[in-house]
Structure formats: structure tokens, C-alpha cells
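# Architecture and fold: a report
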Amino acid sequence: MTRLHVISAATRPTSSGRPLAQWVAEQARSRGDFEVTPVDLAEIALPFLDEPEYASSGVYTHQHTKDWSALIDSADALLFVLPMYNGGFTAPFKNAIDFLYNEWKGKPVGIVSYSAGPTGGVPAAQMLLPVLTQLGMVPAERSVAVPGIPKLVGPDGFQAPEGLADELTGVLDDVALLAAQRAAEAVSA
């Protein structure tokens, strides 16, 4: 079974992304082909990058970096639930990415972006793609964008609009295929 980490990239205490990330994790878990680990960057609470060595060295001094490294290293694939602020992705999320290097390499990754406005966070997802490919991650062909998120979150959590579950299924199908291809390449190597 593919170990999928669903990472909520928001750190604001009132983020609408957490209920969305919970819904995404539930959808992925219900498929039966993923072992899902929800990861909340707010709970991880990384400081600004404070390692003395380059991440590419893999030499980590601080326990928070070692823990973050082990968590990401344990994933076969990732799914980022990504907010858009001021047209881009957040500084805490970029910081979390920058703590590591080799742990990201070759990992299939899906993106679910969201925003309060009509774009659904697509500009943030587009801005993130060059970072992911620079690190050697393999982005899924499809992605999901969720516009108007404040209207979709209430006391009962995230209420998916019609068709969103099908869009997410497409992303999860892509991630599962990429993970299976990576596993097959590892076996034949």
C-alpha cells in the first residue's frame, strides 16, 4: 500500500484549509490503496530555517529537522493542500520545503489549492511547480482548485461542491500511478 502524506500547508489558526485537508485525507483513505498520514504544518511548527549545513548535505543539527526529515522520508507520495495568499504560496510552506532536500527526491506529489476568491489558488499552485520539479518531485498531471473556500466550511467541516470528489479522484489516480511506477523502477534497479 502506498504511504500518502496529506500535508495541510496553512499555519493560520483559523485556516479553512484544515477542514479541506481532513476531507482530502478521508477521500484518499476511503480508496483503500493509500495508507494516509495527515500532516498539519501548524502542528509541526518549524522555526525559520536554522540548520547550519545545506539541506542537500543531509546533516541535521536540530531535533525538529530530524523529525521533519523522518516524517517526509517515510512517505511514498505526498498531497499538498495549499492556500493562496497574495497570489502565491505561503512563506511557512516554502520554509518547510527548504529544510529538506534528498527526502523530496522522486516523490510523486498532488496539489489541492484553495482560496477565498475565484482562482481557487491556481496561481499559488503554478508558482509551486518549479520548486517541486527543482527538488526532483514528480507532480501529478492533474490538480484540484477550490475557489470560495470560506463558504464551503462550516460547523460540520468541509462541504465539497458537486464534482470536487471526482476531480480529487483524478489527482489521487495520478499520484497512485506515479507511486506504482516509482516502486516498479526501484524493484527493477
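Structural notes, computed from the coordinates. Note that the structure is a prediction, hence the values are computed from the model and not measured.

Scanning the protein from N- to C-terminus turns up six helices and eight strands. At 16 Å, the protein has a C-alpha radius of gyration in line with the 16 Å of a compact globule built from 189 residues. Referenced to the eigenvectors of the C-alpha coordinate spread, the extents of the protein come out at roughly 45 × 40 × 25 Å. Counting all 189 residues of the protein, 47% fall into the buried class. Sequence-distant contacts, at least 24 apart, represent 81% of the contacts inside the protein between residues at least 6 apart. When the accessible surface of the protein is summed, it comes to about 9200 Å², and 54% of that surface belongs to carbon and sulfur atoms.

In contact at an axis separation of 11 Å, helix H1 (residues 17-31) and helix H6 (residues 164-188) are set at 60° when each is read in the N-to-C sense. Compared by their axis directions, H1 and H6 come out oblique. Between H1 and H6 lies a crossing of right-handed hand. Here H1 contributes Trp-23, Val-24, Gln-27, Ala-28 and Arg-31 to the contact with H6, which in turn contributes Leu-164, Ala-165, Leu-168, Thr-169, Leu-172, Asp-173 and Ala-176.

Looking now at helix H3 (residues 63-73). An α-helix turns once per 3.6 residues; consequently, residues spaced three or four apart project the same way. Along H3, the positions that sit buried rather than exposed are Thr-65, Trp-68, Ser-69 and Ile-72. In an axial view of H3, the angular spread of the buried residues amounts to 100°, which keeps them on one side of the axis. The inward-facing, buried residues of H3 contact strand S1 (2-8), strand S2 (34-40), helix H2 (41-44), strand S3 (77-83) and helix H4 (91-98).

Per the stated rule, a full pass over the model turns up five aromatic pairs. Summarising the aromatic geometry, the rings of Phe-80 and Trp-104 are spaced 6.3 Å apart at their centres and angled 70° between planes, so their arrangement reads as edge-to-face. Of this pair, Phe-80 sits in strand S3 while Trp-104 sits in the loop between H4 and strand S4 (108-114), and the two are 24 residues apart along the sequence. Centroid distance Phe-89 to Phe-93: 6.2 Å. Interplanar angle 80°. Geometry classified as edge-to-face.

Glancing now at unusual backbone geometry. A positive phi is found at Ala-45, a non-glycine position, where the angle reads about 55°. Position of Ala-45 among the secondary structure elements: in the loop between H2 and H3.

Put simply, the largest pocket is a space of about 230 Å³. Considering the residues around the largest pocket, the lining is formed by 13 residues, among which Ala-21, Gln-22, Pro-38, Val-39 and Asp-40 are closest to the centre. Broken down by secondary-structure element, the contributors of at least two residues to the lining of the largest pocket are S1, H1, S2 and H2. Sorting elements by how many residues they give to the lining of the largest pocket places H1 first, with six residues. When its residues are assigned to classes, the lining of the largest pocket shows six nonpolar, two polar and five charged.

Procedures and definitions
In this numbering scheme, every chain counts its residues from 1 along its sequence in written order. The predicted origin of the model limits local features to residues at a pLDDT of at least 70 and limits the giving and counting of side-chain atom pairs to 80 or more, whereas totals for whole chains, interfaces and linings rest on all residues. The basis for every side-chain value is the complete set of non-hydrogen atoms in the structure, without hydrogens or water. Strands here mean DSSP runs of E at least two residues long; helices mean DSSP runs of H or I at least four residues long; both are numbered from the N terminus. For a compact globule the rule gives 2.2 Å times the number of residues to the power 0.38, and the radius of gyration it is set against comes from C-alpha atoms. Burial status follows relative accessibility: with a 1.4 Å probe on protein chains alone, a residue under 20% of its type maximum counts as buried, one over 50% as exposed, and anything between as partly exposed. Contact between two residues is taken to exist if any of their heavy atoms lie within 4.5 Å; hydrogens are not considered. Here the accessible surface of atoms and residues is derived via Shrake-Rupley with a 1.4 Å probe, and residues count as covered only by protein chains that are part of the display. Axis definition: a line fitted to C-alpha atoms, limited for helices to the stretch in contact. Angles are taken between N-to-C directions and run from 0 to 180 degrees. Note on angle classes: values under 35 degrees are labelled roughly parallel, values over 145 roughly antiparallel, values of 65 to 115 roughly perpendicular, and the remainder oblique. For a crossing to be left-handed, the near helix must be turned anticlockwise from the far one by less than a right angle; the clockwise case is right-handed. In this description, one arc is meant: the one made by directions from the helix axis to the C-beta atoms. Only Phe, Tyr and Trp rings take part, Trp by its six-membered ring, and two of them pair if their centres are within 6.5 Å. Stacked means planes under 30 degrees apart, edge-to-face means over 60, and tilted covers everything else. Buriedness for pockets is judged along seven lines, at least five of which must meet protein on both sides within 12 Å for an open set on the 1 Å grid over protein atoms alone, while cavities are sets there where a 1.4 Å probe fits but cannot get out, and lining residues have an atom within 4 Å of a point. Grid points are joined across faces, edges and corners, and a volume is the space filled by probe spheres set on the points. Following the grouping adopted for this structure description, the nonpolar residues are Ala, Val, Leu, Ile, Met, Phe, Trp, Tyr, Cys and Pro, the charged ones are Asp, Glu, Lys and Arg, and the polar ones are all others, Gly among them.

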